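These are the residues of each chain, in order.
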Amino acid sequence: MLFTVVGPGRAGLSFAGALVASGWQCVATLGRHDDLRLAAADCDVVLITVPDDQIAAVAAAITPGRAVVVHASGAKGLDVLAPHARRASVHPLMSLPDPETGAGKLRRGGVFAVAGDPVAERIVTALGGRPVAVDDGRRPLYHATAAVAANHLVALCAQVERLAARAGVPLDAYWDLMETTLENVRRSGPIPSLTGPAARGDSSTISLHLEALPTDERTLYLVLANEAARLAGRPPYREQTRTVSTEALAVTPTTPTLVPTIAELRARLDAERRAGRSIGFVPTMGYLHDGHGSLMRAAAAANDVVVASIFVNPLQFAPTEDLAGYPRDLERDIGVAGTNGVHLLFTPDVTEMYPRPMITTVSVAELSARWDGASRPTHFDGVSTVVTKLFNIVGPCRAYFGEKDYQQLAIITRMTADLAIPVEVIGCPIVREPDGLAMSSRNVYLDPAQRAAAVVLRRALDAGTAAILDGERDPERVSDVMTSVVAAEPLATLDYAAAVDPHTLEVPATLGSHTRLLIAARVGTTRLIDNCGVDTGSVRPLGTPA
Ligand code: AMP
């Protein structure tokens, strides 16, 4: 077969070399200064290997003759070869770095996308390659995929190279990791090959990474971390609550300053911000215990200034609830706050916070409707509204909430993301009494018999956890296990016991690898809540139920 190449660049000369080595004859290689009119007159194939945006002009300059006109673009269809009735395209799915290496690679049996005249397949077969028909409609997609596979992978490797240099770790170490990862993906597919913090839903580690990365490296990191999270069936990083451990946090005791007014608090915190100091915030309703203390210690460990608020918020109590009798002890609270490193204790009264009736409500739909929201219909609107107002008053960098109120934490995290409130919401683990009862200001309502009975919530959670770890995946059956534990305690009346998705708080059809067990029960007249996470490890495939 006789062929002519138009466009003697890397691709053109690679093809010329490979075809000649395969027994074809090259009539001419033509460049930009050559007359193209007769190129198709005295050969079987004219191969156009100019840049994509010049193909149409080059094809138009060639007078139709006996040759089939072929382009080697991955993205273009056959229409760019318009004047020629016999046309085709051949695109090698490989990079051609220079004519010599390129000629060798073309003859190594790779894949070529072909379209149009059968001569395209003949070219590929002559080179010993594998032709794959890609029609014009799928051409851009085919080419985009090639760009991701080749070019984007290079961009990612370049990030690895830059970060390895910064970390002072030899690049070789990461090459091994990348090669093994690619092998795993080829063998088992992407989802089983996922490891690392995004796949585990470990948002604290992702936060650490983001803080360590130079600003201009963060976008790429975050886009891909969120994609890994999506593959693992997890929500994007921004919508996950970051949790921190509160164990063994040492703090320097303080003498908290009581600040009862919004104006004074703003003035003090404006000064702190001007001095470049970070502000950590712990909202509470007072009657402080070590659960609150753990939040304060977490705030003290990560911020220059710690603000805690004590405000029993009427908006989150229904008329039938315990607003008037809610336990209060400011003197003791000042002591607990000081032991745990609080600098400013914001103690507004109701008229300071709500000088006139509030007609504005912040409401986080769906998340607020179920579980505690079903039993206390106005509760979470009251919480989201007061927390928004407190965020606006304090302007913290970080705000700390207990996982004890797991649904509240999910609502605040979602609200902060939805309203783009510039504060990082941080969740802290539940602090328990030695017998396992979650600490709560309301535990003071319990008489000794009720106090002993209250441990049933924790026992029910333990039974639910054991059932899941034993392989139970039906959320209703896990709920039944917890329910029967509470039923055996005469002083307790169950409100709900559920096994839910930790992010949506919905009951899934089947339990996945991450579950939150939620429970609420009345012991006497006191309503108690508790919860725990159960992880069974493996990553769940995309699209399967949580
Ligand atoms: P409260 O004063 O009940 O409104 O609680 C104020 C904050 O302390 C909330 O973020 C609670 O989730 C958190 N909290 C209450 N009890 C505990 C506990 N036992 N462990 C951890 N955090 C808690």
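The rules behind these values
- Residues numbered from 1 in each chain as written.
- Predicted model: local features only at pLDDT ≥ 70, side-chain atom pairs only at ≥ 80, totals over all residues.
- Heavy atoms only, no water.
- Pairing = 2+ DSSP bridges.
- Helix = DSSP H or I, 4+ residues; strand = E, 2+ residues; numbered from the N terminus.
- Right-handed = clockwise from strand over helix to strand, strands pointing away.
- Expected span 1.5 Å × (residues − 1).
- Bend = angle between axes of the 7 residues up to and from the residue.
- Buried < 20%, exposed > 50% of the residue type's maximum accessible area, 1.4 Å probe, protein only.
- Contact = heavy atoms within 4.5 Å.
- Core = buried A, V, L, I, M, F, W, Y, C linked by side-chain atoms within 4.5 Å.
- Domains from an automatic or database assignment.
- Patch = residues over 30% accessible without salt bridge, like charges linked within 9 Å, V, L, I, M, F, W, Y side chains within 5 Å.
- Areas by Shrake-Rupley, 256 points an atom, 1.4 Å probe, with all protein chains shown as cover.
- Salt bridge = Lys/Arg side-chain N within 4 Å of Asp/Glu carboxyl O.
- Axes fitted to C-alpha atoms, helices over the stretch in contact; angles between N-to-C directions.
- Parallel < 35°, antiparallel > 145°, perpendicular 65-115°, else oblique.
- Left-handed = near helix turned anticlockwise from the far one by under 90°.
- Near = heavy atom within 4 Å.
- Polar contact = N/O pair within 3.5 Å; in protein donor to acceptor, adjacent residues only side chain to side chain.
- Nonpolar A, V, L, I, M, F, W, Y, C, P; charged D, E, K, R; others polar.
- 1 Å grid on protein atoms, 1.4 Å probe; cavity = no way out; pocket = protein on both sides within 12 Å on 5 of 7 lines; lining within 4 Å.
- Points joined across faces, edges and corners; volume = space filled by probe spheres on them.

**Q** So what's going on with the pairing of strand E7 (residues 130-133)? Which residues, and what values?
**A** The sheet contact formed by strand E6 (residues 111-116) and E7 spans 4 bridges and is parallel. Its bridge partner being in E7, Val 111 is matched across the sheet by Arg 130. Regarding the hand of the β-α-β motif, the stretch spanning E6, helix H4 (residues 119-127) and E7 is right-handed.

**Q** Outline helix H5 (residues 139-167), supporting the account with residue identities and numerical values.
**A** When the terminal C-alpha atoms of H5 are compared, their 41 Å separation across 29 residues agrees well with the 42 Å that a helix rising 1.5 Å per residue should span. The largest bend along H5 reaches roughly 30° and is located at Val 148. Listed in full, the buried residues belonging to H5 are Arg 139, Tyr 142, Ala 146, Gln 159 and Ala 164. The elements touched by buried residues of H5 are strand E5 (87-92), E6, helix H6 (171-188) and helix H10 (215-231). Once H5 ends, the next one or two residues include Gly 168, with phi positive near 70°.

**Q** So, the nonpolar core: which residues are in play, and what are the values?
**A** Within the largest apolar cluster, 43 residues are counted, with the highest numbers of intra-cluster contacts made by Leu 265, Val 307 and Phe 391. The dominant element in this core, judged by the number of residues it contributes, is helix H16 (residues 379-394), at 8 residues. Here this core spans two domains, since at least three of its residues come from each of domain 3 (257-428) and domain 4 (442-535).

**Q** An account of a nonpolar patch on the surface is needed here, citing residue identities and associated values.
**A** Side chains of Leu 153, Leu 156, Leu 182, Leu 220, Val 223 and Leu 224 sit close together on the surface and give an oily, nonpolar patch of about 480 Å² of accessible area. For the nonpolar patch, the element with the highest residue contribution is H10, accounting for 3 residues. Summarising the element assignment, Leu 224 is placed in helix H10. Exposure remark for Leu 224: the relative accessible area of 38% places this residue in the partly exposed category.

**Q** Requested: an account of the packing of helix H1 (residues 10-21) against helix H3 (residues 99-106), with residues and values cited.
**A** At their nearest, the axes of H1 and H3 sit 7 Å apart, and the two run at 55° to each other. Taken together, the axes of H1 and H3 are oblique relative to one another. The crossing of H1 and H3 is right-handed. Side by side, H1 and H3 meet where Arg 10, Leu 13, Ser 14, Phe 15, Gly 17 and Ala 18 of the first sit next to Pro 99, Gly 102, Ala 103 and Leu 106 of the second.

**Q** Could you give an account of the site of the ligand, naming the residues involved and the relevant values?
**A** Within the structure, the ligand sits among 16 residues, and His 292, Gly 402, Asp 405, Val 431 and Met 439 are positioned closest to it. Between the ligand and Val 431, the relevant distance is 2.9 Å, taken from a nitrogen atom to a main-chain nitrogen or oxygen of the residue. Take Met 439: an N or O atom from its main chain is 2.8 Å from a nitrogen atom of the ligand. Protein chains shield 92% of the accessible area of the ligand, which is 480 Å² for the free molecule. Mapped by element, the contributors of at least two residues to the shell around the ligand are strand E10 (279-284), helix H12 (290-302) and strand E13 (398-402). If one sorts the elements of the shell around the ligand by residue count, H12 sits on top with 3 residues. Its residues assigned to classes, the shell around the ligand shows 8 nonpolar, 6 polar and 2 charged.

**Q** Provide a residue-level description of the layout of surface pockets, including the pertinent values.
**A** In this structure, the largest pocket spans a volume of roughly 2,200 Å³. In terms of lining residues, the largest pocket is bounded by 46 residues, among which Leu 153, Leu 156, Met 178, Thr 181 and Leu 224 are the most central. Counting residues per element, the ones that place at least two in the lining of the largest pocket are H5, H6, helix H7 (190-193), helix H8 (197-200), helix H9 (203-212) and H10. The greatest single-element share of the lining of the largest pocket, amounting to 15 residues, is contributed by H5. The class makeup of the residues in the lining of the largest pocket is 32 nonpolar, 9 polar and 5 charged.

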